[in-house]
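# Coordinate inspection notes
For reference, the chains in residue letters:
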Amino acid sequence: MQRRTFLQGLAAAAVAAPAATLLGQQDAVAATDYYVATTEQTKNKVLVFPKSKAFTDANVHWSFTPGGGAWANLSDVKIRATEAQGWIALVVASGGKAGIVDIGSEKHTEGNDLKWSATPGGNPHAIERVPGNGSVVVASSDGRLTLYAPTSVGNLGSLKQVQTVDYAGAHGVLWDPTYKLLWVVGQNRFSHYAVMGSGRNTRLKYAAHFSLGSGNLGHDLQPDFTNKHKMLITATKGIYELLTDGGTFRSRKISSETKVKSYVKHSSGEVVSIRGDGTQPRDWANKTIRFSQSADRSRAGAQFYKARIWTTAFE
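Residues numbered from 1 in each chain as written. Predicted model: local features only at pLDDT ≥ 70, side-chain atom pairs only at ≥ 80, totals over all residues. Heavy atoms only, no water.

### So, the overall build of the chain
What counts here: Starting at the N terminus, helices and strands are each numbered in turn, a helix being any DSSP run of H or I of at least four residues and a strand any DSSP run of E of at least two. Type-normalised accessible area, obtained with a 1.4 Å probe on protein chains alone, sets the label of each residue: buried when under 20%, exposed when over 50%, and partly exposed for intermediate values. Contacts between residues were defined by any pair of non-hydrogen atoms, one from each residue, lying within 4.5 Å. Per-residue and other accessible areas were derived by the Shrake-Rupley procedure at a 1.4 Å probe size, with only the shown protein chains allowed to occlude residues.
Across its full length, the chain carries 1 helix and 26 strands. Considering the chain as a whole, with its 315 residues, one finds that 56% of them fall into the buried category. Once local pairs closer than 6 in sequence are excluded, the contacts in the chain between residues at least 24 apart make up 50%. Summing over all exposed atoms, the chain offers an accessible surface of approximately 11800 Å²; the carbon and sulfur share of this is 47%.

### Let's talk about the sheet that holds strand S17 (residues 203–211)
Here is the rule: Pairing between two strands is assigned when DSSP locates at least 2 bridges connecting them. To obtain each axis, a line is fitted to C-alpha atoms, and for helices this fit is confined to the stretch in contact; angles are then taken between N-to-C directions over 0 to 180 degrees.
Spatially, S14-S15-S16-S17 is the arrangement adopted by the 4 strands of the open sheet, whose pairing is antiparallel. Pairing within the sheet leaves two strands with one partner each, and these edge strands are strand S14 (172–176) and S17. Each neighbouring strand pair of the sheet contributes to a mean axis angle of 25°, computed without reference to strand direction. With 5 bridges joining them, strand S15 (residues 181–186) and strand S16 (residues 189–196) adopt antiparallel strand pairing. Within S16, the residue paired with valine 185 across the bridge is phenylalanine 190.

### Quick notes on the packing of aromatic side chains
Basically, it comes down to this: Within 6.5 Å between ring centres, the rings of Phe, Tyr and Trp (the latter by its six-membered ring) count as paired, and their orientation is classed by plane angle as stacked under 30 degrees, edge-to-face over 60, tilted in between. Our definition puts a charge over a ring when NZ of Lys or CZ of Arg is within 6 Å of the ring centre and also within 35 degrees of the ring normal.
By the definition in use, this model includes 14 aromatic pairs. Ring geometry for tyrosine 193 against tyrosine 206: centres 6.2 Å apart, planes inclined by 70°, an arrangement best described as edge-to-face. Note that tyrosine 193 is positioned in strand S16 and tyrosine 206 in strand S17, a separation of 13 residues in sequence. Each member of the aromatic cluster is reached from another via a ring pair, and the members are Tyr179, Trp183, Phe190, Phe210 and Phe249. One Lys or Arg, arginine 189, reaches over the ring of tyrosine 167 and ends 4.3 Å from the middle of that ring.

### Description of the nonpolar core
To keep it simple, the criterion reads: Residue types Ala, Val, Leu, Ile, Met, Phe, Trp, Tyr and Cys, when buried and joined through side-chain atoms within 4.5 Å, form a set referred to as a nonpolar core.
Ranked by size, the top nonpolar core spans 18 residues in total, and within it Trp62 and Ile79 carry the most contacts. Among the elements of the structure, strand S2 (35–40), strand S3 (45–50), strand S4 (62–65), strand S5 (74–82) and strand S6 (86–93) are those that each provide at least two residues to this core.

### Some remarks on unusual backbone geometry
Here glutamine 280 and proline 281 are connected by a cis peptide whose omega angle stands at 5°. Mapped onto the fold, proline 281 is located in the loop between strand S23 (271–275) and strand S24 (288–291). Backbone geometry at asparagine 44 places phi at a positive 55°, although glycine is not the residue there. When its relative accessible area of 9% is taken as the criterion, asparagine 44 is described as buried.

### Topic: the confidence of the model for the chain
Note the cut-off: Scored between 0 and 100, pLDDT is the confidence that the predictor attaches to each residue.
Mean pLDDT over the chain stands at 89; residues scoring 70 or higher make up 88%. For residues 1–30, every residue scores under 50 in pLDDT, and the model assigns this stretch 67 contacts once sequence neighbours within four places are set aside.

### Considerations on the pattern of salt bridges
A side chain with one charge can pair with a side chain of the opposite charge if their charged atoms come near. Stated precisely, the cut-off is as follows: Here a salt bridge means any side-chain nitrogen of Lys or Arg lying within 4 Å of a carboxyl oxygen belonging to Asp or Glu.
Across all of its chains, the model carries 13 salt bridges by this definition. Among the salt bridges present, the one from lysine 78 reaches aspartate 76, with a minimum N-O distance of 2.7 Å. For the pair shown, lysine 78 and aspartate 76 are each scored as buried. Linking arginine 308 and aspartate 220 is a salt bridge whose minimum nitrogen-to-oxygen distance equals 2.6 Å. Of the two residues, arginine 308 is situated in strand S26 (residues 304–310) and aspartate 220 in strand S18 (residues 218–223); the sequence distance between them amounts to 88 residues. Taken as a pair, arginine 308 and aspartate 220 share a single burial class, namely buried. Connected through salt bridges with shared partners, the residues Asp76, Lys78, Asp220 and Arg308 form a single ionic network.

Printed below as a string of structure tokens:
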């Protein structure tokens, strides 16, 4: 591990920039550079790169290497700012594990930097944290959501399973700070849940389901940072906008491109996406991450599955 004085002043910045800022609350601004967090499954690492630089080892800005076993095939990462912990990374792996990584002290983190971990099993595909509550939700594609709740908001080590919810094909989960709802996407539908209670009494309460159409498995759910009333869904049959303006929730298809596993829009309007290339051993992944307004980035031998935008710059 490489230890250093990392992200000086980050704790103060994290307090000043609440988690909601990461999900579309900021005004759209032009940006020439930002950071991209990826799950790379060949070496099984979370790798964060500056968008404007080649995706080489020399340019890795932050990484997490969990090891193998139940940590195999990292399938999601989300970067969140918390008042109690500063910057954290939420991670899950298809092998069965979920965890929260401390970002604040090291450039290259490993399993011993986990603040918390659990084994929800069932091919975990996505993870999210509920700001102000501290609970964590994992979506497992075998058909369930698993809710973990702490004794108090800032006590990551106290997170324990308190609820499971049946949800066919659960693949994506995302917190909506505008309406304070938890959105989920899976087999043929997307849905939202209210988060009720606090501490170990936290529970997900079903609110509504919306159809994606028969035979249409939702793959991923990400923000549109240009508009706090839009989220983006990738699915078997294409790419969709989830529209929430006026409190009337609906979707519309914006692309018929298939095999898109990850799709997010930066506040500048640039789209970052990954499309499965159909080659073995992981036909759902690709060595190339696509950028709609600048050069694509490839990494020899890599198999990227998800790409996320870290919207607040850090040094």
